Amino acid sequence: MRMVDIITKKRDGGKLSDEEIEFVVNGYVDGKIPDYQVSSLLMAIVFKGMSNDEIVTLTDRMEHSGDVMDLSSIPGFKVDKHSTGGVGDKTSLALGPMVAACGAVVAKMSGRGLGHTGGTLDKLESIPGINVSLTQEQFMEQLKTVGIAIAGQTGKLVPADKKLYALRDVTGTVESIPLIASSVMSKKLASGSDCILLDVKFGNGAFMKTRESAKELAKIMCDIGNSLNRDTRAVLTSMEQPLGNAVGNSLEVKEAINTLKGKGPKDFTNLCYQSGAIMLEQAHIAKDEKEGLEMIKKVVADGSAFEKFKEMIKAQGGDVSYIENPEKFPISKNKIEIKAAKPGYVKQIVALQIGESAMRLGAGRETFDDVIDMSAGILLNKKVGDKVAKGELLCTAFTNKDDYSEVLKDIEKAFVIVDGFVETPPTVHDYIFSKWE
């Protein structure tokens, strides 16, 4: 078997066999196939695509290119949730403890952020003392004792994805649905959960800009998971405006705490509740989503979801006093209020602009070497559909930087205010659990 023959076959629109895909993945991980040949194949995939069977095989071979976590010794169904990312997306911090408080085992391997604000691990690290670099043994022990763990992916899981993603990033081959789907799902499957809920976002603040492209990606990822014997479902959610009110690491942790106490923003709370209901059905703890929703509401109301979050933080070495007293989180030296220039209704809050502005205030990183300012960010006071008076507070910016005037102008431009009434948009737009169509 020769790599050049595989490249030309895909270039001409052919379907790669299981053996050919295995040859490519194993050869690349072992260093036997050079970058330039793999990058050529990746570009051919961008232009010619892959069949559903090819995508499933590619994901399976990537998953088994390194260690695969075996969680079978832990009783019950293990559930995982993955978001394709967005501005103000702190869902795992609130949703995970809610679901775990209902009796499901939540095994969550997360990543760091590049751009916008930090990823889930960065947000957790705004809590002093917390350890997100758990070994597999520590991860599994915490699942047994606490029922939830959120940690970084170990170096031995899915080495094929690490190499392929790095190559895609520098060869203009990131924007390919088959390659995106196999990258996401190989990591989720290797993490060992029985059930996976995908939160696939669309809009100006998301990777997928349209609802149609997000739905296509969601269907492919669901089909991959179900074809490989994992109960995989997806919700399509809007990222036309930031999720919740907080954008920035410690700000988002505080909002997750409020949500666990039943005092979170409506859009973020609804997403957590709807997602939690689905996950409990997947875990066979609730007979249907309706029962799952009632269970989620109950653990928030009786405080057990918040207690589960504290239990997880304590197990991972975090200072629980910050969870009990969120006012202990440091506040940026500069706190700047941005007010409405005219009355009306908020028609749009450009999520991408808010995310990039938060990054420039210090809340995110442009390169992996950048140091995040955990206290920096933006706290929204108005959302799409809200009525505003002239001079009313739209949002507050937090930063320790002194040169922020240009950022404030961009934040102001992100708010589009019109005269006529604007309806509050839904957060969750669709729910997918189907085979390939």
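Residues numbered from 1 in each chain as written. Predicted model: local features only at pLDDT ≥ 70, side-chain atom pairs only at ≥ 80, totals over all residues. Heavy atoms only, no water.

Asks: Explain the overall build of the protein chain to me, please; I cannot follow it from the model alone.
Replies: Counting its regular elements, the protein chain contains 17 helices and 13 strands. Considering only C-alpha atoms, the protein chain reaches an extent of 70 × 45 × 40 Å along its principal axes. Expressed as a percentage of the 437 residues in the protein chain, the buried residues total 58%. Considering only intrachain contacts with a sequence separation of at least 6, the fraction spanning at least 24 residues in the protein chain is 79%. Side chains of the protein chain give 55 positive and 61 negative charges; the mean places of these two sets differ by 3 Å. (Helix = DSSP H or I, 4+ residues; strand = E, 2+ residues; numbered from the N terminus. Buried < 20%, exposed > 50% of the residue type's maximum accessible area, 1.4 Å probe, protein only. Contact = heavy atoms within 4.5 Å. Lys, Arg positive; Asp, Glu negative; His and termini not counted. Charge placed at Lys NZ, Arg CZ, Asp CG, Glu CD.)

Asks: Explanation requested: the sheet that holds strand β3 (residues 148-152) in the structure shown.
Replies: Reading across the sheet, the 6 strands line up as β3-β2-β1-β4-β5-β13 and stay open at both edges, with mixed pairing between neighbours. The open sheet has two free edges, formed respectively by β3 and β13 (428-432), since each of these has just one partner strand. Going from strand to strand, the sheet's axes swing by 20° on average, the running direction of each strand aside. Here strand β1 (residues 78-83) runs beside strand β4 (residues 195-202); their pairing, made up of 5 bridges, is parallel. (Pairing = 2+ DSSP bridges. Axes fitted to C-alpha atoms, helices over the stretch in contact; angles between N-to-C directions.)

Asks: In this structure, what is going on with the pattern of salt bridges? I would like to understand it.
Replies: Close approach of charged atoms lets side chains of opposite charge pair. Tallying each qualifying case throughout the model produces 28 salt bridges. Taking the shortest distance from any N to any O, the salt bridge between D302 and K298 comes out at 3.5 Å. We classify K298 as exposed; its relative accessible area is 56%. Among the ionic pairs, E392 bridges to K382, the shortest N-O distance being 2.9 Å. Residue E392 is found in the loop between β10 (387-388) and β11 (393-399), and its partner K382 is found in the loop between β9 (377-380) and β10; the two are separated by 10 residues along the sequence. Look at E392 and you get partly exposed, because its relative accessible area is 28%. When salt bridges that share partners are traced, they join E22, D60 and R61 into one network. (Salt bridge = Lys/Arg side-chain N within 4 Å of Asp/Glu carboxyl O.)

Asks: How should helix α2 (residues 18-29) be read in this particular structure?
Replies: A turn of α-helix holds 3.6 residues, and therefore any two residues three or four places apart point the same way. In this model, α2 (12 residues) spans 17 Å end to end at C-alpha, consistent with the 16 Å of a helix rising 1.5 Å per residue. Among all positions in α2, only E20, I21, V24, V25, G27 and Y28 are buried. Summarising the contacts, the buried residues of α2 are in contact with α1 (3-11), α3 (35-48), α4 (52-63) and α8 (159-171). Directly beyond the C-terminal end of α2, a positive phi value near 80° is found at G31. (Expected span 1.5 Å × (residues − 1).)

Asks: Help me out: how do you make sense of the nonpolar core in this one?
Replies: In globular proteins that are soluble, nonpolar side chains generally tend to be buried together. Judged by nonpolar contacts, the single largest core of 78 residues is most densely connected at M98, V99, L124, I354, I411 and F415. A total of 7 residues in this core trace back to one element, the largest contributor, which is helix α12 (residues 266-282). Apart from the residues lying within four places of it in its own chain, the contact partners of V99 are V79, A104, V106, G276, M279, L280 and I296. By size, the runner-up hydrophobic cluster in this structure holds 58 residues, among which are A107, L164, A181 and L217. (Core = buried A, V, L, I, M, F, W, Y, C linked by side-chain atoms within 4.5 Å.)

Asks: Sorry if this is basic, but what is going on with the sheet that holds β10 here?
Replies: In any sheet, the strands associate via hydrogen bonds between backbone groups, in a parallel or an antiparallel arrangement. The sheet built from 3 strands is open, its strands ordered β10-β8-β12 with antiparallel pairing. Each edge of the open sheet is held by one strand with a lone partner, namely β10 and β12 (415-418). Where strand β8 (residues 344-349) meets β10, 2 bridges bridge the pair, whose relative direction is antiparallel. Each residue of the ladder has a partner; that of G344, found in β10, is V388.

Asks: When you look at the side chain of S183 in this model, what are you seeing that I'm missing?
Replies: Checked against the element boundaries, S183 lands in helix α9 (residues 177-190). A polar atom in the side chain of S183 sits 3.4 Å from the side chain of K187. Among all residues touching S183, those that are not within four sequence positions of it are M62, D161, Y165 and R168. (Polar contact = N/O pair within 3.5 Å; in protein donor to acceptor, adjacent residues only side chain to side chain.)

Asks: When you look at the packing of aromatic side chains in this model, what are you seeing that I'm missing?
Replies: Ring pairs (aromatic) are described by centroid distance and by the angle formed between their planes. In this structure the tally under the stated criterion is 2 aromatic pairs. Aromatic pair Y322 and F329: ring centres 5.3 Å apart, planes at 75°, arrangement edge-to-face. By relative accessible area, Y322 is classed as buried at 15%. By relative accessible area, which is 2% here, F329 ends up buried. Between the aromatic rings of Y345 and F421, the centroid separation amounts to 5.6 Å while the plane-to-plane angle is 75°, which identifies the pairing as edge-to-face. Taken together, the residues Y345 in strand β8 and F421 in the loop between β12 and β13 connect sequence positions 76 residues apart. On the basis of relative accessibility, which here comes to 65%, the residue F421 falls in the exposed class. (Phe/Tyr/Trp six-rings, centres within 6.5 Å; stacked < 30°, edge-to-face > 60°.)

Asks: Honestly, the packing of α1 against α3 in this entry has me stumped. Any pointers?
Replies: Relative orientation and spacing of two packed helices are given, respectively, by the angle between their axes and the distance between those axes. As a packed pair, α1 and α3 sit with axes 8 Å apart at the nearest point and diverge in direction by 15°. Compared by their axis directions, α1 and α3 come out roughly parallel. Considering the relative orientation of α1 and α3, their crossing is left-handed. Where α1 abuts α3, its residues M3, V4, I6, I7, K10 and R11 lie against Q37, V38, S40, L41, A44, I45 and K48. Looking at the contact of α1 with α3 residue by residue, the class counts come to 8 nonpolar, 2 polar and 3 charged. (Parallel < 35°, antiparallel > 145°, perpendicular 65-115°, else oblique. Left-handed = near helix turned anticlockwise from the far one by under 90°. Nonpolar A, V, L, I, M, F, W, Y, C, P; charged D, E, K, R; others polar.)

Taken by themselves, the reported measurements are silent on function.
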